[in-house]
Amino acid sequence: MSVRMIARELYRLQQQVAQLESRLQACPPGKREELEEELRKTKAERERVKRMLEGTKEEPPYRKPR
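In this text, all values refer to a predicted model and were calculated from it rather than measured experimentally. Along each chain, residues carry numbers from 1 onward, in the same order as the chain's sequence is written. Under the rules for a predicted model, residues below a pLDDT of 70 receive no local features and side-chain atom pairs below 80 are neither given nor counted, while totals for whole chains, interfaces and linings still include all residues. To obtain the side-chain values, all non-hydrogen atoms of the structure were used and water was disregarded.

1. As for the pattern of salt bridges
Then, number 1: The salt bridge definition used is simple: a Lys or Arg side-chain nitrogen within 4 Å of an Asp or Glu carboxyl oxygen. Taken as a whole and judged by the stated rule, the model has seven salt bridges.
Then, number 2: A salt bridge links E9 to R12; the nearest nitrogen and oxygen atoms lie 2.5 Å apart. Placement of both E9 and R12 in helix α1 (residues 3-25) is noted, with a separation of three residues, approximately one turn of the helix.
Then, number 3: Residue K50 pairs with E47 through a salt bridge whose shortest N-O separation is 3.7 Å. Note that K50 and E47 are positioned in helix α2 (residues 29-57) at a spacing of three residues, about one turn of the helix.
Then, number 4: The class for K50 is partly exposed, based on a relative accessible area of 32%.
Then, number 5: Burial here depends on accessible area, computed with a 1.4 Å probe over protein chains only, as a share of the maximum for the residue type. Under 20% is buried, over 50% is exposed, and the range in between is partly exposed. Accessibility expressed as a relative area gives 29% for E47, which makes it partly exposed.
Then, number 6: One salt-bridge network, in which partners are shared between bridges, spans R46, E47 and K50. Here a strand is any run of E in DSSP of at least two residues, a helix any run of H or I of at least four, and the numbering for each starts at the N terminus.

Shown next, in the form of C-alpha cells:
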C-alpha cells in the first residue's frame, strides 16, 4: 500500500470518528452503547493506520547514521 493511500485512509477514518462523535452526542440513550462500540472500533482502526503511516515515513535502520 502506498503512502498516499494510507494517508487517504487515515483521513477517511478521522472524518468517520468525528462524525460518530457528533452522532453520539445527539443520540438517544438506547442506541448509545451501539454507537460507542462502533466509535471504539473506528478509533482503534484509525490508530492502526496512523502507526502504519508513521512506520512508512521512518528511515530504514541501514540508512540511519551511526
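2. A look at the environment of R32
Then, number 1: On the secondary structure map, R32 appears in helix α2.
Then, number 2: Residue R32 is classed as partly exposed on the basis of its relative accessible area of 35%.
Then, number 3: When neighbours within four sequence positions are excluded, R32 is seen to be in contact with L24 and C27. Pairs of residues are marked as contacts when any of their non-hydrogen atoms sit within 4.5 Å.

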